[in-house]
Number of protein chains: 2
Amino acid sequence: MATLNDIGVAAAINILTALAFFLAFAMLRIQPVNDRVYFPKWYIKGLRSSPLVNGSAFASKFVNLDLRSYTRFLNWMPAALQMPEPELIDHAGLDSAVYLRIYFLGLKIFGPIELTAFTVMIPVNWSNNTLEHSGLTYSDIDKLSISNIPIGSHKFWTHLVLAYGFTFWTCYVLKREYEIVAAMRLHFLASDQRRPDQFTVTSISITSFIRESSLLLINKVLARNVPPDPDESVTELVQHFFLVNHPHHYLSHQLVYNANKLSELVNEKKKIQNWLDFYQNKYKRNPLKRPSLKTGFLGLWGNRVDAIDFYTSFVERLSRDICGEREKVSSNTKSIMPAAFVSFKTRWGAAVCAQTQQSRNPTTWLTEWAPEPRDVYWENLAIPFVFLTIRRLIAAIAFFFLTFFFMIPIAIVQSLANIESIEKALPFLKPIIEVKFIKSFIQGFLPGIALKIFLLFLPTILMMMSKFEGFISLSALERRSASRYYFFQFINVFLGSIITGTAFQQLNHFIHQSTSQIPKTIGVSIPMKATFFITYIMVDGWAGVAGEILRLKPLIIYHLKNSFLVKTEKDREEAMDPGTIGFNTGEPQIQLYFLLGLVYAVVTPILLPFIIVFFALAYVVYRHQIINVYHQEYESAAAFWPDVHVRVVAALIVSQLLLMGLLSTKEASQSTPLLITLPVLTICFHRFCKGRYEPAFVRYPLQEAMMKDTLERAKEANLNLKGFLQNAYIHPVFKSADESDSESESEWERSPALVATKRTSKRFTPMPSKDGGSVLSLDQVNDECLKP
Amino acid sequence: MATLNDIGVAAAINILTALAFFLAFAMLRIQPVNDRVYFPKWYIKGLRSSPLVNGSAFASKFVNLDLRSYTRFLNWMPAALQMPEPELIDHAGLDSAVYLRIYFLGLKIFGPIELTAFTVMIPVNWSNNTLEHSGLTYSDIDKLSISNIPIGSHKFWTHLVLAYGFTFWTCYVLKREYEIVAAMRLHFLASDQRRPDQFTVTSISITSFIRESSLLLINKVLARNVPPDPDESVTELVQHFFLVNHPHHYLSHQLVYNANKLSELVNEKKKIQNWLDFYQNKYKRNPLKRPSLKTGFLGLWGNRVDAIDFYTSFVERLSRDICGEREKVSSNTKSIMPAAFVSFKTRWGAAVCAQTQQSRNPTTWLTEWAPEPRDVYWENLAIPFVFLTIRRLIAAIAFFFLTFFFMIPIAIVQSLANIESIEKALPFLKPIIEVKFIKSFIQGFLPGIALKIFLLFLPTILMMMSKFEGFISLSALERRSASRYYFFQFINVFLGSIITGTAFQQLNHFIHQSTSQIPKTIGVSIPMKATFFITYIMVDGWAGVAGEILRLKPLIIYHLKNSFLVKTEKDREEAMDPGTIGFNTGEPQIQLYFLLGLVYAVVTPILLPFIIVFFALAYVVYRHQIINVYHQEYESAAAFWPDVHVRVVAALIVSQLLLMGLLSTKEASQSTPLLITLPVLTICFHRFCKGRYEPAFVRYPLQEAMMKDTLERAKEANLNLKGFLQNAYIHPVFKSADESDSESESEWERSPALVATKRTSKRFTPMPSKDGGSVLSLDQVNDECLKP
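Residues numbered from 1 in each chain as written. Chains lettered and ligands numbered in written order. Predicted model: local features only at pLDDT ≥ 70, side-chain atom pairs only at ≥ 80, totals over all residues. Heavy atoms only, no water.

J.: Which parts of the structure should I look at to understand the overall build of chain A?
T.: Of regular secondary structure, chain A possesses 35 helices and 7 strands. For chain A, long-range pairs separated by at least 24 residues make up 82% of all intrachain contacts whose partners lie at least 6 apart in sequence. For chain A, the accessible surface area stands at approximately 34400 Å², while carbon and sulfur atoms represent 64% of it. (Helix = DSSP H or I, 4+ residues; strand = E, 2+ residues; numbered from the N terminus. Contact = heavy atoms within 4.5 Å. Areas by Shrake-Rupley, 256 points an atom, 1.4 Å probe, with all protein chains shown as cover.)

See below:
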């Protein structure tokens, strides 16, 4: 049992770690050589092209020699807070701005709760001496918790009343926040003001895409599962269907091509190109010795050839293959997928088409809002309806086993990966292993490593599961992964820490226990785990957030790339790894803190300040990162908010059930009826919010669409929408940066009302997703292949 | 424990009872005097105006003297089966035809299951002698059940394989049926053929409404929660909103008026009119003595007045009041409810409006398909969104308490209503009560009567709950009541009989029992209750269905009315009580048999023949009743099928869980993993069906709408749709039969393409619902009030 002193020491250690990280960050960020690691966002936006250097000496290009700047090492904090929210939305998109609101929501919920808890509950808890007389070992923390109240005491009414108060406050804040976010989303989708501004700004790459996408979001519909027809091609089928059923609104459509193989080739070419660059750099630095390599496995044997020649011809061969594959994709009808992006003349028409059922068979001609071009996950566009059901079933079962039985394979690996089996498999290592220090190190280290590796790869595994399930946009994939990750953490971190057993043992336990016993079992051990969770918050939350700002991994990778691969400015741009917010891992982490905060608010309020520090710190750090670092992969217009809302509500209900279990063991069972009504009311609150605000995230009201259409008609009567939308949904492999410079420029020029820009980064513009199907216009493909 | 002999005796008794009912029915139905009780449907349709008599003697008007007709006393059965389904749909509507398919579904599911079970499972069960050696008391029935298999035997594999087989068969039949019903519904909604036929048929009352309604279903949308506006009236608001947001499709709209008070007055007038008729009849039969009555309470004291004069002036006063109230309703803006029926020029426009969100705030301007005019439940049209959530919560809580605690008030009533308290309250009854025979009768009878009364009123209570919840159509009300009634029966009849305890005791038991224990507890007692359920099926199913055809209550009431109230043919028509299918009580009863059949299919297959007899008998009886008796209150185009489907699937899952529980006590636990996959697969099947077929019951595909529109434009280019739809949604009180004869004729003439008919029954034409708000056109109101 940790005492207040122990907690203090732990806090000091973690605060010092965090400070060290911040200090290191402050040092590193003002070095010009790291500028592209700590300010990539500005480079991508084209607002920064070289480090801000004071001197002009050679050294000052790499090291900051201005000593005054070292004294202001925390000045990024106020800077991060200064940018007002509307500007932030313009700068980094609505997703990022709303993501920050989640941290702020934590502050808004727990600030007043903490104040109330400290003024009311801590004195009530402290003023007893149950624990002193109980003869049990206890800590000072426990004296401040509900454990210190004697069994059957009337003081439990305080906790009951506060539970009500906290619930109402949380619901109130949640409702207001939902209201605000829904309004922000609708305003973002409808906002017309942004248009002229953003086309006169010097940069076009990102911002123009946001603008375009918000229009596309409104005018484009994705039609899937087009039924096959022996007499008509897919494009005729789509055209006829929409001409017949939406005669006044249909404008045009774009087909989806299956470009998986093409995508593979492009990726391979990129890899080979990297090697070519590496050897060319090597040759440049040491012009006396022309680099050579062996062609066999891993360069260990085979004929020795000239490396630069070898890779140059390799790249050329791949380029030819790519062109051939491109033509094949565009000419072969088999590579046309039964899906299409359909454009409409008006937002009204698109809103209607996205919200209605098209054909008698509801599993064909599925229509939905087209995701943003960057947001499309091409591979999944052509999965038939029946397989979707089966895939979801398989994914659900797989996730169930992953959550409850993940310890089994890890235990097997652990039992295999012991000293003896290593010695048996690789007997020549025996003398090294037998050294006592190394042996004990391996014995201590090996069992843990399997688990660590698994946890490291968990988000990737979950993302693969979501991909398997058939979602068609990256945002949906991330949302799905986030909810699974949260569930995994809830079972294995939250419940796992409280009950201390593997998830499968818990499951077994719960199945064989009565329903009313479960909240009791957990409720009783809740107060005892407070100190553990306080430590967890400090390590995972405080130090983790401070580590985030340091960006150690991107820093190292950037410098490695910079020294070995970079030849041109363009390469240097590609070496930057701005990263993204990482909704699928970040949001579940926040939600865990919401859960801890709500559960412990009534039980052990001393935990709350730690959570508040986390939220405040994370808010500042992530605001800074969003402004300066992260690159937005897609814009979903805060489509994730209903998920955030429902998870906080779920945490609220869990906290109420656990309190009920805890109080029922304290012989305060007369409070049970009052406590049962709390979750019922909370569920009711959730249903109300769902009905009132969720439609804003799912549908698009016709009134808005009509208003927008009318406005646009009045403002720009002769807007060439068709030309504007023509090539919006083109697969990235068809505009890979290495080949399509002129093409992509010409495309921009083709769309009317767009001004020429001095765009510096092209890499991020057409980046919908990694590989899979694609959309392209045939003439464009031929243009491209004729060019080089 | 009942033996096979006992069951045989019970079966004989029930078969005799059923036969007696059928015989009585055969005698009564051919008496001309009962013609209107047993063939009201034909009277309502106007295809029958007087009993089919052979002779012309006075007596033959009341008694059938043709002896030959008595010999063919079961010839109604083949007659009932002869009418083909398409004709049945024309005759009685799609709802009725699909309702019959539920019984037929039972036959289709359980026929093959029974055959398999009897050829495979009964021999396997019989070939053991576990029970003989167990020393327990057992019956012959038990020897045929799973109880006879020794613990841990490998023979359980038979049951496991059969459980899989039965599941797949049931799912296959369910899927096919869903497919057929969905196709029938779409065909019914789209069917154009019906139109010319039905307007040349001699009757117009019912059939024409079906036709009209199926059109209305497609062209009308109901807009609710119109937000208040200080500057505009509701009608302007509605018109402006739809003109702006659906400019090419909006046609017209009808407002909804709050006519609750008017409706009350009309009802009172009807009651008084009945009394007037009664006294006039009395006077006619005995012209010497003019009837008189006292004006005081219950006619016991007060001034003696002439009854006919008194009631005549009363009726006149009420008529004046009604006219005044009508004008008030139509002139006062406060009686306009914020809801309207909006008509569109095309089905496409209506389909779009019904499926999309209109305004930014999803709780205002709610649009949905307008129910059929007859189907509207007017009172609930104006409940705001927030109250809907609260009302649903209250109803859910009330239903929870009703289901689990309904025994408490009944027990209290029972404890109060004993002999002693009666003697104390009414001491003058003491000498009578003290007679031994009467005393024992009361003591035996009183405790049960409270429960019986409660169960009798349960459907009414559930219906009131549904009304409170705010559904706006009668069909939705009935669907909701049906699902609640089913749940009540599942808990209190099915589980209650198996566990023998009140629902609350069960709940308490389950909460304090482990989750895995529950299926075991129930599973073990399942086989022991087989004989009880066999008896239940015979009494409730066989005899109950046979009693249904006799229509004892309507028979008595008709003859009472006929002798006291009837003056004219019109009155006689009103005295008919054709009744309806009663979906809210009938369907849950069928579902209970599905549940019993599926649960016992593997456990005690001897129960299956009894269920099959029930389904066959009920199918024939209800087919006869639907053809000859029941009057369709509304047409929802089989909107209830998804409910039917989901309940059968739920029964399937319950049966699988109970089998799992049962087998786990038989030490056949190696089968558990195989049994767990069954419910998972079943749920998956359900989700597939939901995605594939349910949209046909919720949405209306645009392709269909467009096809229909195009066809109609080609066929009848100059159809005056506006005139046709103008007065479709008029509240019944505005066309009460006593006043609106000429008006309603003229209304029919106003709508084009309608031919004059010799309609004999007007009463059923404009019968949307009991009371509440109303829709009317102002000129029509004034017309009416000027008339008399």
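J.: Would you take a moment to explain the interface of chain B and chain A for this structure?
T.: Interfaces are often described in size by the accessible area the parts lose on coming together. The interface of chain B with chain A comprises 46 residues on the first partner and 46 residues on the second. In total, about 4000 Å² of surface goes out of reach between chain B and chain A, with carbon and sulfur atoms giving 63% of it. Joining chain B to chain A, the criterion identifies 0 salt bridges. The tally of links from chain B across to chain A stands at 10 residue pairs in polar contact (both at pLDDT 80 or more). Residue assignment for the side of chain B that touches chain A shows that the elements contributing at least two residues are helix 9 (156-190), helix 12 (234-245), helix 15 (347-355), helix 16 (385-405), helix 22 (503-511), helix 30 (672-693) and helix 32 (702-715) of chain B. Residues of the side of chain B that touches chain A, tallied by class, amount to 23 nonpolar, 19 polar and 4 charged. (Buried area = accessible area lost by both parts, 1.4 Å probe. Salt bridge = Lys/Arg side-chain N within 4 Å of Asp/Glu carboxyl O. Polar contact = N/O pair within 3.5 Å; in protein donor to acceptor, adjacent residues only side chain to side chain. Nonpolar A, V, L, I, M, F, W, Y, C, P; charged D, E, K, R; others polar.)

J.: I'm lost on the pattern of salt bridges in this one. Help?
T.: Between side chains of opposite charge, a pair can form when the charged atoms approach closely. Residues and elements named next belong to chain A. Inspection of every chain in the model, using the stated rule, returns 18 salt bridges over all chains. A salt bridge links arginine 101 to glutamate 177, with the shortest nitrogen-to-oxygen separation between them at 2.6 Å. Highlighted residues: arginine 101 in helix 6 (residues 85-126) and glutamate 177 in helix 9 (residues 156-190), separated in sequence by 76 residues. Judged by relative accessible area, arginine 101 falls into the buried class, the value being 12%. (Buried < 20%, exposed > 50% of the residue type's maximum accessible area, 1.4 Å probe, protein only.)

J.: Help me understand helix 24 (residues 530-550) of chain A, please; the structure alone is not making it clear to me.
T.: Since the α-helix advances by 3.6 residues per turn, residues separated by three or four positions end up pointing in the same direction. All names here are of chain A. For helix 24, with 21 residues, the first-to-last C-alpha span of 29 Å sits near the 30 Å given by 1.5 Å per residue. Along helix 24, the helix axis deviates most sharply at glycine 544, where the bend reaches about 35°. Phi turns positive one or two residues past the end of helix 24, at arginine 551, with a value near 50°. (Expected span 1.5 Å × (residues − 1). Bend = angle between axes of the 7 residues up to and from the residue.)

J.: Sorry, what's going on with the packing of helix 6 (residues 85-126) of chain B against helix 28 (residues 608-628) of chain B here?
T.: The angle between the axes and the distance between the axes are what describe a pair of packed helices. Residues and elements named next belong to chain B. Relative to each other, helix 6 and helix 28 sit at 170°, their axes nearing to 9 Å. Regarding the angle of helix 6 to helix 28, the classification is roughly antiparallel. Across the contact of helix 6 with helix 28, the residue classes tally to 22 nonpolar, 4 polar and 3 charged. (Axes fitted to C-alpha atoms, helices over the stretch in contact; angles between N-to-C directions. Parallel < 35°, antiparallel > 145°, perpendicular 65-115°, else oblique.)

J.: Could you clarify how one ought to interpret the relation of the copies chain B and chain A in this entry?
T.: The operation linking the two copies of the chain is a rotation about an axis combined with a translation along the axis. When chain B is fitted onto chain A, the two copies agree to an RMSD of 0.1 Å after a turn of 180° and an axial shift of 0.0 Å. Here the symmetry operator amounts to a two-fold rotation axis. Mapped onto chain A, 100% of the interface residues of chain B are again interface residues, and the two copies thus contact each other with one and the same surface. (Least-squares fit on C-alpha atoms with pLDDT ≥ 70 in both.)

J.: I tried to follow the pairing of strand 2 (residues 250-258) of chain B on my own but got confused; where do I start?
T.: Residue and element names in this part refer to chain B. Within strand 2, 8 of the 9 residues are buried, which leaves the element mostly enclosed by the surrounding structure. In this structure, strand 2 lies alongside strand 5 (residues 336-344), joined through 7 bridges in antiparallel fashion. By the bridge assignment, tyrosine 257 is partnered in strand 5 with isoleucine 336. (Pairing = 2+ DSSP bridges.)

J.: Teacher, can you tell me more about the domain arrangement of chain A here?
T.: All names here are of chain A. Under the domain assignment, chain A is made up of domain 1 (4-53 + 62-191 + 524-695), domain 2 (196-371 + 699-755 + 769-788) and domain 3 (387-517). With 4 residues of domain 2 at the contact, the number on the domain 3 side is 4 residues. Contact between domain 2 and domain 3 buries roughly 370 Å² in total, counting both sides, with carbon and sulfur atoms accounting for 75%. There are 0 salt bridges connecting domain 2 and domain 3. Here domain 2 is connected to domain 3 by 0 residue pairs in polar contact (both at pLDDT 80 or more). (Domains from an automatic or database assignment.)

J.: Sorry, what's going on with the packing of helix 21 (residues 474-499) of chain B against helix 29 (residues 641-665) of chain B here?
T.: Residues and elements named next belong to chain B. In contact at an axis separation of 11 Å, helix 21 and helix 29 are set at 20° when each is read in the N-to-C sense. Judged by the inter-axis angle, helix 21 sits roughly parallel to helix 29. Where helix 21 crosses over helix 29, the two elements pack in a sense that is right-handed. Counting all contacts with helix 21, which are made through Arg479, Ala482, Ser483, Tyr486, Phe490 and Phe494, the residues of helix 29 involved are Asp643, Arg647, Ala651, Val654 and Leu658. (Left-handed = near helix turned anticlockwise from the far one by under 90°.)

J.: Whenever I open this one, the nonpolar core confuses me. Can you help?
T.: With 301 residues, the main nonpolar core has A:Tyr103, A:Phe494, A:Trp641, B:Tyr103, B:Phe494 and B:Trp641 as its most contacted residues. Once residues lying within four places of it in the same chain are set aside, the contact partners of A:Tyr103 are A:Ile590, A:Phe614, A:Phe615, A:Ala618, A:Tyr619 and A:Tyr622. Among the nonpolar cores identified, the runner-up in size contains 16 residues, and B:Leu255, B:Tyr257, B:Val329 and B:Ile336 belong to it. (Core = buried A, V, L, I, M, F, W, Y, C linked by side-chain atoms within 4.5 Å.)

J.: Would you take a moment to explain a nonpolar patch on the surface for this structure?
T.: Residue and element names in this part refer to chain A. A contiguous nonpolar patch, built from Val386, Phe387, Ile390, Ile394 and Phe468 and spanning about 430 Å² of accessible area, is present on the exposed surface. For the nonpolar patch, the leading source of residues is helix 16 (residues 385-405), giving 4 residues. Checked against the element boundaries, phenylalanine 387 lands in helix 16. On the basis of relative accessible area, phenylalanine 387 is assigned to the partly exposed category, the value being 46%. (Patch = residues over 30% accessible without salt bridge, like charges linked within 9 Å, V, L, I, M, F, W, Y side chains within 5 Å.)

J.: Would you mind showing me how to read the packing of aromatic side chains here?
T.: Describing an aromatic ring pair means giving the distance of the ring centres and the angle of the ring planes. Residues and elements named next belong to chain A. On inspection of all chains with the given rule, the structure shows 74 aromatic pairs over all chains. Between tyrosine 99 and tyrosine 103, the aromatic rings sit 5.7 Å apart at their centres with planes inclined by 85°, giving edge-to-face as the arrangement. Highlighted residues: tyrosine 99 and tyrosine 103, both in helix 6, separated by 4 residues, approximately one helical turn. Comparing tyrosine 99 with tyrosine 103 shows no difference in burial state: the two are buried. (Phe/Tyr/Trp six-rings, centres within 6.5 Å; stacked < 30°, edge-to-face > 60°.)

J.: What is the right way to read unusual backbone geometry from this model?
T.: In most cases, non-glycine residues show a negative phi, while peptide bonds are predominantly trans. Positive phi values are uncommon outside glycine, yet A:Ala637 reaches one of about 55°. Position of A:Ala637 among the secondary structure elements: in the loop between helix 28 (608-628) and helix 29 (641-665). The phi torsion at B:Ala638 lies on the positive side, around 60°, for a residue other than glycine. By the element assignment, B:Ala638 lies in the loop between helix 28 and helix 29.

J.: Sorry if this is basic, but what is going on with the side chain of A:Arg484 here?
T.: Residues and elements named next belong to chain A. Considering the arrangement of structural elements, one finds arginine 484 in helix 21 (residues 474-499). Given the relative accessible area of 8%, arginine 484 is considered buried. Not counting residues up to four positions away in its chain, the partners in contact with arginine 484 are Ala395, Ala396, Phe399, Leu462, Met465 and Glu469.

J.: Is there a simple way to think about the environment of A:Arg290 in this case?
T.: Residues and elements named next belong to chain A. Note on placement: arginine 290 falls in the loop between helix 13 (260-285) and strand 3 (292-294). With 247 residues separating them along the chain, arginine 290 and tyrosine 43 place their C-alpha atoms 35 Å apart. For arginine 290, the residues in contact, after removing those within four places along its chain, are Tyr283, Asp306, Ile308 and Asp309.

J.: Any chance you could explain the side chain of A:His246 here in plain terms?
T.: With respect to the helices and strands, the residue A:His246 is situated in the loop between helix 12 (234-245) and strand 2 (250-258). At 2.9 Å, the side chain of A:His246 and the side chain of A:Gln358 are in polar contact. Setting aside anything within four residues of it in sequence, one finds A:His246 in contact with A:Phe344, A:Val352, A:Cys353, A:Gln358, B:Trp348 and B:Leu702.

J.: I would appreciate a short explanation of the environment of A:Tyr38 in the present structure.
T.: All names here are of chain A. Inspection of the secondary structure puts tyrosine 38 in helix 2 (residues 35-38). For tyrosine 38, a relative accessible area of 1% gives the class buried. For tyrosine 38 and lysine 270, which are 232 residues apart along the polypeptide, the C-alpha to C-alpha distance reads 25 Å. If sequence neighbours within four positions are ignored, tyrosine 38 has contacts with Phe25, Leu28, Arg29, Ile549, Leu550, Arg551, Leu555, Asn628 and Val629.

J.: I keep staring at the confidence of the model for chain A and nothing clicks. Help me out?
T.: Reading predicted coordinates in detail is not appropriate for stretches of low pLDDT. Residues and elements named next belong to chain A. Across chain A, the average pLDDT comes to 75, with 76% of residues at 70 or higher. Segment residues 193-218 is flagged for pLDDT under 50; beyond a separation of four residues in sequence, or across chains, it makes 70 contacts in the model. Counting contacts from residues 736-784, a segment whose pLDDT is below 50, to residues more than four positions away or on other chains yields 135 contacts. This prediction of the complex comes with two scores: 0.80 for pTM and 0.75 for ipTM. (pLDDT = per-residue confidence, 0-100.)

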